[in-house]
Amino acid sequence: MQNDVVFKIGGEGGEGVISCGEFVTLACARMGNEIYTFRSYPAEIKGGYAMFQVRTSHEVLLSQGSSADVLVCFNQEAYDRNIKDIRKEDSVLIYDSTSCQPREGHPEITYPIPASDLARLEMRNYLTKNVIFLGVLSKLFGIDYAILETIIKQKLGKKGDAILNLNFQALKKGYQYVEQNFTKKDPYFVVPQKSENRIVLSGNQALAAGAIAAGCRFYAGYPITPATDIMEFLARELPKFGGSVVQAEDEIAALSMVLGASYTGAKAMTASSGPGISLMAELIGLAGMAELPAVIVDCQRAGPSTGMPTKTEQSDLNHALYAGHGEIPRIVMALSSVEDAFFGIIRAFNYAVRCQVPVIVLSDQYLAQRTATIRRPDLSKVVIEERAKPSAQDMENYKRFRFTETGVSPMALPGEKGGVYTATGIEHDEGCELSYEPENHQRMTEKRFKKLNLVLKGAELYRRHGSEDQEIGIVGWGSSEGVIREAVEKANKQGLKVAAFHPKVLFPMLPELEVFIKSCKKVIVAELNYTGQFAREIRARFGVNVISHTKLAGLPFTPDEILKKLEEVHEQIASKV
Amino acid sequence: MGTDAETMPKPPQGGLNIAPYKTDVDPIWCPGCGDFGVLTCIYRMLATKQIRPEETVVVSGIGCSSRLPAYVNAYGFHTVHGRVLPVATGVKTANPKLEVIAVGGDGDAYSIGAGHIPHAARRNIDVCYIVMDNEVYGLTKGQGSATAPVEMVKGTTPFGQLDDPLNPIAVAVAYDISFVARGYSGKPKELTDLIIQGVEHKGFALIEVLSPCTTFHDIYKPTSQRIRFVDSSHDPFDRIAAMKLAFEKETIPLGVIYKSQRSSFDERIEETKKRAQIKGAGDLNKVLDVFQ
C-alpha cells in the first residue's frame, strides 16, 4: 500500500478541474495528511487546458512530485498532454470514457468512467461531472466520503438546498459506479493519520496573513494574475485590523499611494506581477531617493510583456535588481515556500523599515497558487521592527537625512512637532534642501547604499541542505527550494556528494553564498528563465564560473529533472579524475 | 525649518501673521511669477485657519509650481511628475487627521497626471488640489502645455500647437469633482477665499488658478482684461449651469463654479472598517483558523 500519492487532474477550463483538485486537497488535509499542490490555469475565463496536481503523504512534502501516480483525464486533451510523462508500469489512468480514447502506450491499470454521460443523462447537469469524479476517487483511493460531503456543504451551501442535493447525488453516483463496475487493482491509498497544528493554505494566502502579522495596515493594488488574491484577502481582513485597502486605477497609482502612506509612517505594501512592476519603476526610484520603506511583491509569471499570465517563471530578477533609472538602493528577496511566504513577508517589512528602502519580494505563480500544509505559525515568535525615531535633541534642529554610522537617519512623521521636512526625489543635503553640490551627491549616495549592510547581519538569510562535505553545489532561488532539496536528498542517497544553498536575500549578495560556491568543485545555478539571471549575478559579483541550468516551459522544475542534472555533473567530475 | 506656530510673536491685533508658515528657502521662481501670489494665498489660508505646520502635508509633482512645498513650513512631499494625486491619496488615507494640500502646474495635472484626476474625483479624496496654470511647461523652458492656445509657437511646436487646448473646468465638472473653482494669482483676496473654501470642503476640491509665466508666456494683460467674477446669480450646485460657465469663450469666470455634497473617501474607508469589525476587531488567530 502506497500512501504517498500524486494525483494529476486535467481537463477543459470551466469543467471544474480546479475545484475537484481543491476538494481532494482539502479532504486529504483534513484526514491529517501532508499535501502539496501545483495548479495551472488557462489564461481565459472559459476553455483552454486546466490542470491540478496534488500530492498527499504522511511525510512532510517538499514538492508536488515528478510524475503522476494517478492521472485523471476529463477530456482527450488532458490525456494527450500528459500521457508521455506517465509511468506505464505503475501509474493509474482514470478517464472520461465518453470523451476520451486512450491510445497505445497507456498505463496497464485503467478505470474508464463515462462521466460526461452520467452527468448529462442521469444527473441532468453537465456541471456535476467533476463531483462524479470526486466520488470515483473517494471509492478507489479511500478519500473520506463524509469529509467530502462536509467540504461540499461548506463550499456550495450558499447556493441552496437544490444545488447541494444535486452535488451529494453526483458524489454518490461516482462512488457507486466504481463499486458496481471495478475491483481495485492498484496500490494507492489515502490513509488518515493523526496530525496537529497544521494548516493548509496557498502561498498568496500565507503572504497576506504574514503581512497582517507584520503590522501592514495599508495596501494599494491593481488586479493582475497571479497576485489578485493577495488584495482580495487583505480587502476582507485588513479593515478588521483598522487598515485600509485601496483598489488603485493602475499600478503607478498603487505604488504612489503606498509611498504616500509610508511617508506618514504606515507599513504599506503593494503586490503585482511583471507588467505592473514595470510600471512602478519610476516610483521605486522615488522610494530609494526619499528613503521611504515600502514592500513591493512581484508574483512572477512568464514574460516578457503580457507573456503567459497563468504560467510560472523566474524572469523578473533583472527587473527587481535594476528597475528604475540611476542607482537605487533596494533589497531584493525571494520567497521559497508557503511557510516562508508567511515569515518572509514579515522579514520584508522589517528590512524596509530598518533600512528605509524599497524591498522587492519575488514570488511566482507556482508558489502563489500552490497550496501546502504547514506548521501553524507561532505568532508569539513574530518580531516586528519599528523605524528609527528622532530624539528630542534631533528635533531641536531636525535634519531628516542626517549622516549617521549606519546610514539610517531617524525619520520624523507628519504630526510630530519640530520634524517638518519636505521629502523629495531631487538630490538633497542632510537638512533635505535641494543640493547640486558634487561632494554632497557622492556622500548621500554612499549613505543610501551603506544602509543595506544592516540586512546582512540578520537571521534567515539562506538555507543550506545536504552534504556537509560536498563536491557539487546547487544554488536555486525562490519557489524551487523544496524541489531542489528533494533531488539533493535522492542524489546523496545514491552516493553523490551534493549540497544545496538557497539564498532568501538576493540583493545585497550574501557573502555566505560566495563562500559556499568557492568551496564546491562545480556549482549549478538552477532557475526558470532563459538568460540565467542569477548565474550572471554570481559570475559578475564573485568572479567565479557556474553552470547555468535553466528551464523555460511555464512549469516548475521537477525533482527528477534536477537529479538528472546533478548526475550529469557528477559524471563530468568523475570522468576528469 | 521646524518652527512652531505657537512660539512665533503674535501680530498686532487685527493683522494676519503668515510668518510661521514661511521657510527660509528662496523660491526658484522668476520675478513676477504668478506662483508667488498663490504661495502668499496659501500662507494666508493657513494663518486664517490656524492650521498647525506639523499637521499639514503639502504634496506636489514636478515643475516650477511643484517646488512650492519647500517654501511652506509644513511637512511636504515633492514626488514625481504627474503622481501628486495618488500620493496625496495615500497620505490622507493612512492618516486622515492631516490637512493634505496638493499643488502642481498644468503640465503635471493635465498631461501626465490627467489619468489620476477622474479617480480622485470618484473617490472624492478630502484633498484640496491647487493647479497653477500658465499654459506652458516652465521648468523645461516653455513648451506648450495641454491648456496652450493653438497659435502658441514654442521650441517644440515651431509651426504652432498640433493639439487643441483642454478645458480644465469642463473636465472637472464632467468628472463630477465635488468642488470646482477658478482663481487668478492677480486677484489674491478672492483666491485666498477660494483656497479656504477648498480646504474646508469635505471632499476633492480642484482650484484651477491662472498663474502667468512672465518668462515664457506673459499673459497678465489679456488675462486681467478677460476675467469676470461669478456672482450670486450662479447656483454652483447646478451642474449644467456650471458646464455653461466652463464653455464661456470671451470672458473667464472666476469663483466657485461647481459644488456637490457627497461622502469623502476617508468617510467611506471608515465605513469599511466599521462594517468589517461588526463581529469584533481583527484577530490573527481567527484568520489562521480558517485554514485549519
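Residues numbered from 1 in each chain as written. Chains lettered and ligands numbered in written order. Predicted model: local features only at pLDDT ≥ 70, side-chain atom pairs only at ≥ 80, totals over all residues.

Moving on, we come to the packing of helix α17 (residues 481-493) of chain A against helix α20 (residues 559-576) of chain A. Residue and element names in this part refer to chain A. As a packed pair, α17 and α20 sit with axes 8 Å apart at the nearest point and diverge in direction by 50 degrees. Between α17 and α20, the interaxial angle falls into the category oblique. The way α17 lies across α20 gives a crossing that is right-handed. Contacts from V483, I484, E486, A487, K490 and A491 in α17 reach P559, I562, L563 and L566 in α20. Among the residues making up the contact of α17 with α20, the classes are represented as eight nonpolar, no polar and two charged. (Axes fitted to C-alpha atoms, helices over the stretch in contact; angles between N-to-C directions. Helix = DSSP H or I, 4+ residues; strand = E, 2+ residues; numbered from the N terminus. Parallel < 35°, antiparallel > 145°, perpendicular 65-115°, else oblique. Left-handed = near helix turned anticlockwise from the far one by under 90°. Contact = placed C-beta atoms within 7 Å. Nonpolar A, V, L, I, M, F, W, Y, C, P; charged D, E, K, R; others polar.)

The next point concerns the domain arrangement of chain A. The assigned domain composition of chain A is domain 1 (5-181), domain 2 (200-381), domain 3 (392-455) and domain 4 (462-576). With centres defined by C-alpha atoms, the gap from domain 1 of chain A to domain 3 of chain A works out at 59 Å. (Domains from an automatic or database assignment.)

The next subject is the pairing of strand β12 (residues 331-334) of chain A. All names here are of chain A. Alternating positions in β12 separate into two faces, I331 and M333 on one and V332 and A334 on the other, with burial throughout. When β12 meets strand β13 (residues 358-364), the two strands line up parallel, connected through four bridges. Considered in β13, the bridge of V332 is made with I360. At this point the chain moves from β12, through helix α13 (residues 338-355), to the parallel β13, and the crossover so formed is right-handed. Across two bridges, the pairing between β12 and strand β19 (residues 505-507) is antiparallel. Each residue of the ladder has a partner; that of V332, found in β19, is F507. (Buried ≥ 20, exposed ≤ 12 C-beta atoms within 10 Å, placed from the backbone. Pairing = 2+ DSSP bridges. Right-handed = clockwise from strand over helix to strand, strands pointing away.)

Turning to the sheet that holds β13 of chain A, a few remarks are in order. All names here are of chain A. Overall, mixed pairing links the seven strands, which are arranged β9-β8-β10-β11-β13-β12-β19 in an open sheet. Each having just a single partner strand, β9 (244-247) and β19 make up the two edges of the open sheet. Taken over all neighbouring pairs, the strand axes of this sheet differ in orientation by 20 degrees on average, direction set aside. Two elements, strand β8 (residues 218-221) and strand β10 (residues 268-272), share two bridges in a ladder whose sense is parallel. Residue pairing in the sheet places F218 in a bridge with A268 of β10. Helix-sheet contacts for helix α9 (residues 251-263) involve β8, β9, β10 and β11 (294-300), and the interaxial angle to β10 is about 165 degrees. With respect to the sheet, α13 is in contact with β11, β12 and β13, its orientation differing from that of β13 by roughly 165 degrees.

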